[in-house]
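Coordinate inspection notes
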Amino acid sequence: MKNKSSDASEVVILERCWVVEFRSKTDVSIVPRFQSGEPDLYLEDASKPDREPWAVALAEVNSEGLHNKIQQLRRLIMEIKEERSSDEARQFLPSSQLDSLGEPQFTSIQRIANEPKLEFSLACKDLVAATRDRKLNTFIQVSVVHPAEHILTRYSSTEIVEGTKDPLFLTGVTFPPEYPIYEETKIKLTVYDVKDKSQDTVCTSVLPDHKEPRADVGRSFLGCATFRVGDLVKSKEQQLTLTLRTSDGGKTVGTIEVNLVKMGELEEGETDHITADTQDQKCALVRECTATEGISGKDNLPSLNAVLRNPVCKLYRFPTSDNKWMRIREQMAETTLSFHVPKELINLHIKEDMRRNQELKDLGELAPHWDNMRKSVIAHCDQMLSMYQDTLAELGKHTGSSFKSSCSKGEKTLEFIPINLHLQRMHVHSPRLKDALYDVITVGAPAAHFQGFKNGGLRKLLSKFEAERRNTGYQCIYYSPENTAKAKEVLSNINHLQPLISSHADLLLSSASQRSPDSLKNSLKMLSEKTELFVHAFKDQLVRSALLALYTARPGCVLKKPAVPRNSAEEGADAQHQDHPSQIKRQDSIPHHSEYDEEEWDRVWANVAKSLNCLIAMVDRLLEKDSNSHIKEGEDEPSAADCKVLHTGGDWYEQLYPLVITLKDCMGEVVTRAKQSMAFVLLQELACGLPQCLMLTLRRDIVFSQALAGLVCGFVIKLHTGLHDQGFLQQLHTVGLLVQYEGLLSTYSEEAGMLEDMAVGISDLQKVKFKVIEAKSEDFLPIITGRREHYIIEVQLPAKMFELLPQEIKEGKLLHMYPVLFNVGINEQQTLAERFGDTTLQENINQENLELLKEYYKLFTEKMPPDCLPHFQEQNDLKGLLESLHQNIQAKKRKNVEIMWLAATICRKLNGVRFTCCKSAKDRTSMSVTLEQCSILRDEHQLHKDFFIRALDCMRREGCRIENVLKNVKCRKYAFNMIQLMAFPKYYRPPEGTYGKADT
């Protein structure tokens, strides 16, 4: 220290002091104050701008300040600042970035195809608590440092283990095949002590790793350790024991054991020391056995990778009843089918509607009443067509995630897309049983959320619309839904068969020009088969009656007789109508007209058959003459006058050409008349209900699109896992596939409308057929063909997988679907419905689908030999389960979740596909899926009964389903509150700290 004009007079050591400002009336001084009680030192600053820098410099110059700076720098060097939040940890790097990361200096981890790159389990020993009396409640947070990026990424966490200094964690760590991890990658393990579980889940993903959590978040930092992946993989015992140290790297607070896990190997050691549950449990009976050959076959990769995206993997180890370890890998994946199937479907709707609009325009000249009706219908149809085209264009612009989040369920541009569609899979490796896969498809209930549910859902709307259309006096002819469906089928057959017949006729002429007898025979055979189908398609009273109706709608048509119902059985009814004035009015069937020749239509389509017979006769003559055989005249052979045979010698082409032209002309006349008559039927259907008819069609298309995307995903996954199960493949083409939907919707308010939509959408899946074909390219996405109410889904398989199929499936046999829906509302709204509302909708749906399930079981027992599926139990078990399901449905018990457990059990025993649905497939679905998984482990894989609740909490707290919540709402909280959960069945309640306020 010195004065302004003197040399240094003394030295002041600035230790154990702090700096304050002293303000007098004249000036401001900087005052260091000492903890020892030494007198304060008043330092006068030269100028005001110098004051603050001097104050900071004096405060930090002491050894304590320097020590803090050094520790901060050490942490920044050893623990790189985190730049990604945990919701990004699951989003894998794009392929271009992966290529740049996969440089030669990084060593890849050897692994089996389609298996995770790395899996390990964790345990701690001798943890030291902050205070001597505290019982530790610990969990481990796992972070990853990529060697190229040098950025710390939060990856996952274990469950919380309570009340022990030696926690053994049941939740492990797994890295999917796509994750960019190498031997040089470092993994940081941070151990926390949780003081308040209700706060922990909310805050685990927001703190940077280099900072200790604030006291108010309910947890405290214990210690951390870091290791290289290569050290674990190459270790002799495939185990590392790491020392846990505090953040400054000085104090040791325990050790942490890291054990490399391989699903196919058994884990040694007893499980007696693990903290167990003590509560008695009773839950679902669920069973499924799956052949192990198809679990990880590398041949499945190309086609499965075409439909699955962004997998999330979780690893668990649970003790069995005999104190051995079982390992469970839980997986969840999005599917590209969420967008692929709706886009294909909308494209088919556009083509179908464009054909219909053109057919209406091709009806020809109509009387003013009918012509005005047609113009109005076409105008409305064009508006709807434009809407479909706009929707398809918007979906074509979509990039990024291949699933629709629950927050987007009300978006108009995404209304055809299923909500939150995912594959949920559990792979179990237990000591004494075969490895098994258990799959559930989770998806939001198919429903038209954008259109809303003010007036109910499809089930109510369709019934109401049909009643109004039948009973209201429209200026059109009423056709039943069955007749309009028949008209669409006839038009579809025309559009399908006419080009085929024309093509086969041309092939016949080509064979004739080459004088190839064998080719000529084959061409004639194909032509005959298709033509007979063509003729048979018009043997229907609807075509004949619709032609009459169209005749009466032509300009200048004057009815000499009044319009009389053709279907009237009593002649007295005819007499009552004969005094009525002749006028166009709504009728319950087609009118009769005295001047219309009904036999004319019979002659027109019969000419097609005659023309074909003449063609067959000529081919026979030519072939007989060519082989120099004796020509025998048959009694049924067409006469020379009918066939107009020129002669049997000369060029074959010249002989057959006129007959082929005649056949095409006759067919063309039939097509023209039939198309116009069926288009007239569709005109009546549309005109009777504008605009409600088109809006209902739109709503039904939306719901069906969502349902079909889930079904296609479920079928593809089931086919891949069952390729080596000959019993399943035989069942698939002999009986068909059972598809069981578990609904968790309430029957109160809007969810009742969702349930009505869902019931119709799932019922419509009965009209879908599947066909398995061999892929001709690297594009394995399914191909959709057909029209409304008649779709065929072609699933493509690589050649090696296709060869595993039975001959019937390889030859293109259509595979039938048998969808069933069982719904049990479990939330607080269902409580209101049960006490103050109506549960009839749920009861009716369950009863109707029970009958459908019984029908499938009857088909199964009739067509399948008892020993074809050896892993099934005795048929009496299924009978008993069906009877128990029947009794539970009849009991009308409140929130009877046993209905869902029994239905799921029956589905698995019958090799079906399982679906679980709630409003958004996020919260209630997560509770149901995790409960089902733990029930399977307990009932089929001997999970220790005392660990049932702990296993359930593990899956709900740190499993795939909480990741699903994060993907949807960017928050690790199930959207429940305490009051809601009081209304939930016991085993459908999440663990403390995993629920709270969140957007759904």
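Residues numbered from 1 in each chain as written. Predicted model: local features only at pLDDT ≥ 70, side-chain atom pairs only at ≥ 80, totals over all residues. Heavy atoms only, no water.

**Comments concerning the overall build of the protein**
Regarding its fold elements, the protein presents 29 helices and 23 strands. Expressed as a percentage of the 1000 residues in the protein, the buried residues total 54%. Summed over its atoms, the accessible surface of the protein is roughly 45300 Å², and 49% of this surface lies on carbon and sulfur atoms. (Helix = DSSP H or I, 4+ residues; strand = E, 2+ residues; numbered from the N terminus. Buried < 20%, exposed > 50% of the residue type's maximum accessible area, 1.4 Å probe, protein only. Areas by Shrake-Rupley, 256 points an atom, 1.4 Å probe, with all protein chains shown as cover.)

**Side note on the pairing of strand β17 (residues 436-442)**
A large share of β17 lies buried, amounting to 7 of its 7 residues. Burial along β17 is two-sided: the face carrying A436, Y438, V440 and T442 and the face carrying L437, D439 and I441 are both buried. Connecting strand β16 (residues 422-429) to the next strand, β17, in antiparallel fashion are 6 residues. (Pairing = 2+ DSSP bridges.)

**Focus: the nonpolar core**
Formed by 87 residues in total, the largest nonpolar core has its most connected members in F534, W601, L656, M678 and F680. When residues of this core are assigned to their parent elements, the largest contribution, 18 residues, is made by helix α16 (residues 652-687). In this structure, L656 is in contact with L508, L509, A512, L520, L615, M618, V619 and L622, ignoring residues within four places of it in sequence. (Core = buried A, V, L, I, M, F, W, Y, C linked by side-chain atoms within 4.5 Å. Contact = heavy atoms within 4.5 Å.)

**Details of helix α19 (residues 750-764)**
Its 15 residues place the ends of α19 22 Å apart at the C-alpha level, agreeing with the 21 Å of an ideal helix rising 1.5 Å per residue. Burial runs high along α19: 13 of the 15 residues are buried. (Expected span 1.5 Å × (residues − 1).)

**Some remarks on the packing of aromatic side chains**
Under the defined criterion, the tally for this structure stands at 18 aromatic pairs. Where Y316 meets F318, the ring centres are 5.6 Å apart and the plane angle is 20 degrees; that geometry is what we call stacked. An identical accessibility class is assigned to Y316 and F318; each is buried. Every member of this aromatic cluster is reached through a ring pair, and the members are F120, Y155, F175, Y179 and F227. Above the ring of W325, the side-chain terminus of R317 is found at 5.3 Å from the ring centroid. Lying over the aromatic face of F403, K967 brings its terminal NZ or CZ to 4.6 Å of the ring centre. (Phe/Tyr/Trp six-rings, centres within 6.5 Å; stacked < 30°, edge-to-face > 60°. Lys NZ or Arg CZ within 6 Å of the ring centre and 35° of its normal.)

**Remarks on unusual backbone geometry**
Residue P691 is reached from L690 by a cis peptide bond, and omega for that bond is -10 degrees. Tracing the backbone shows P691 in the loop between α16 and α17 (692-721). The backbone of Q238 sits at a positive phi, close to 50 degrees, despite the residue not being glycine. Mapping Q238 onto the fold places it in the loop between α5 (229-234) and β12 (239-245).

**Structural notes on a nonpolar patch on the surface**
Residues Y653, Y657 and I661 make up a contiguous nonpolar surface patch of roughly 250 Å² in combined accessible area. Among the secondary structure elements, Y657 is positioned in helix α16. Its relative accessible area of 38% is what places Y657 among the partly exposed residues. (Patch = residues over 30% accessible without salt bridge, like charges linked within 9 Å, V, L, I, M, F, W, Y side chains within 5 Å. Salt bridge = Lys/Arg side-chain N within 4 Å of Asp/Glu carboxyl O.)

**A closer look at the side chain of T930**
For T930, the position within the fold is in helix α26 (residues 924-940). On the basis of relative accessibility, which here comes to 0%, the residue T930 falls in the buried class. T930 has contacts with L952, M955, R956 and R961, leaving out every residue within four places of it along the chain.

**So, the packing of helix α9 (residues 458-471) against α17**
Packing of α9 against α17 leaves a shortest axis separation of 11 Å and a crossing angle of 155 degrees. In terms of axis orientation, α9 runs roughly antiparallel to α17. Crossing of α9 over α17 shows left-handed handedness. Where α9 abuts α17, its residues L458, L461, L462 and F465 lie against Q692, C693, L696, R699, R700 and V703. Looking at the contact of α9 with α17 residue by residue, the classes come out as 7 nonpolar, 1 polar and 2 charged. (Axes fitted to C-alpha atoms, helices over the stretch in contact; angles between N-to-C directions. Parallel < 35°, antiparallel > 145°, perpendicular 65-115°, else oblique. Left-handed = near helix turned anticlockwise from the far one by under 90°. Nonpolar A, V, L, I, M, F, W, Y, C, P; charged D, E, K, R; others polar.)

**Thoughts on the layout of surface pockets**
Leftover empty space is mapped by rolling, across the atoms, a probe with the size of a water molecule. Of the volumes computed, that of the largest pocket is approximately 1500 Å³. Surrounding the largest pocket, 44 residues form its lining, E352, K488, R787, R788 and E789 being those nearest its centre. Of all the secondary structure elements, the ones that give two or more residues to the lining of the largest pocket are α7 (337-361), α8 (368-396), α9, α10 (481-513), α16, α17, β20 (783-787) and β21 (790-797). Sort the elements by how many residues they give to the lining of the largest pocket and α10 lands first, with 12 residues. Class assignment for the residues of the lining of the largest pocket results in 16 nonpolar, 10 polar and 18 charged. (1 Å grid on protein atoms, 1.4 Å probe; cavity = no way out; pocket = protein on both sides within 12 Å on 5 of 7 lines; lining within 4 Å. Points joined across faces, edges and corners; volume = space filled by probe spheres on them.)

**What about the packing of α7 against α17?**
Contact geometry for α7 and α17: axes closest at 9 Å, N-to-C directions at 145 degrees. For the pair α7 and α17, the sense of crossing is right-handed. Mapping the contact onto sequence places L337, V341, P342, L345, H349 and R356 in α7 and L694, D701, F704, S705, L708, A709, V712 and C713 in α17. The class makeup of the residues in the contact of α7 with α17 is 10 nonpolar, 2 polar and 2 charged.

**Here we look at the confidence of the model for the protein**
When pLDDT is averaged along the protein, the result is 81, and 78% of the positions lie at 70 or above. Mean pLDDT values over the elements of the protein span from 37, in helix α13 (residues 571-577), up to 98, in strand β22 (residues 815-823). Below a pLDDT of 50 lies the segment residues 79-104, which in the model reaches 60 contacts outside its immediate sequence neighbourhood of four places, other chains included. (pLDDT = per-residue confidence, 0-100.)

**Some points on the pattern of salt bridges**
One pass over the structure, following the stated rule, counts 32 salt bridges. One salt bridge in this structure joins K967 and E334, with 2.8 Å as the shortest N-O distance. Taken together, the residues K967 in helix α28 (residues 960-969) and E334 in strand β15 (residues 325-335) connect sequence positions 633 residues apart. K967 sits in the buried class, given a relative accessible area of 14%. Through salt bridges with shared partners, one network takes in E352, D353, R356, D701 and R788.

**Here's the deal with the environment of E183**
By secondary structure assignment, the location of E183 is in the loop between β9 (171-175) and β10 (186-194). Residue classification places E183 among the buried positions, given a relative accessible area of 12%. Note: C-alpha distance between E183 and G230 (47 residues apart in sequence) is 3.9 Å. Here K234 takes part through its side chain, which lies 3.0 Å from a polar atom of the side chain of E183. (Polar contact = N/O pair within 3.5 Å; in protein donor to acceptor, adjacent residues only side chain to side chain.)

**What about helix α12 (residues 541-552)?**
Across its 12 residues, α12 extends 17 Å between first and last C-alpha, which sits within 8% of the 16 Å expected from 1.5 Å per residue. Counting buried residues along α12, 10 of its 12 residues qualify, which places the element largely inside the surrounding structure. Of the residues making up α12, those classed as buried are L542, V543, R544, S545, A546, L547, L548, A549, L550 and T552. On the buried face of α12, the contacting elements are α10, α14 (599-626) and α16.

**A look at the pairing of strand β18 (residues 737-743)**
Across the 7 residues of β18, 7 count as buried, placing the element largely inside the fold. Side-chain alternation along β18 places L737, V739, Y741 and G743 on one buried face and L738, Q740 and E742 on a second face that is also buried. Where β18 and β22 come together, 7 bridges link them in parallel fashion. Within β22, the residue paired with G743 across the bridge is N823. Here β18 runs beside strand β23 (residues 913-917); their pairing, made up of 5 bridges, is parallel. From the neighbouring strand, G743 faces β23, where its bridge partner is C917.

**A short note on the side chain of T246**
As for its placement among the helices and strands, T246 is situated in the loop between β12 and β13 (252-260). When near neighbours in sequence (up to four residues on either side) are disregarded, T246 contacts F221, L222, K251 and V253.

**Some remarks on the environment of N607**
Within the secondary structure, N607 is located in helix α14. Along the sequence, N607 and D665 sit 58 residues apart, while their C-alpha atoms lie 9.8 Å from each other.

**Things to note about the environment of E898**
Note on placement: E898 falls in helix α25 (residues 898-909). For E898 and L885, which are 13 residues apart along the polypeptide, the C-alpha to C-alpha distance reads 8.1 Å.

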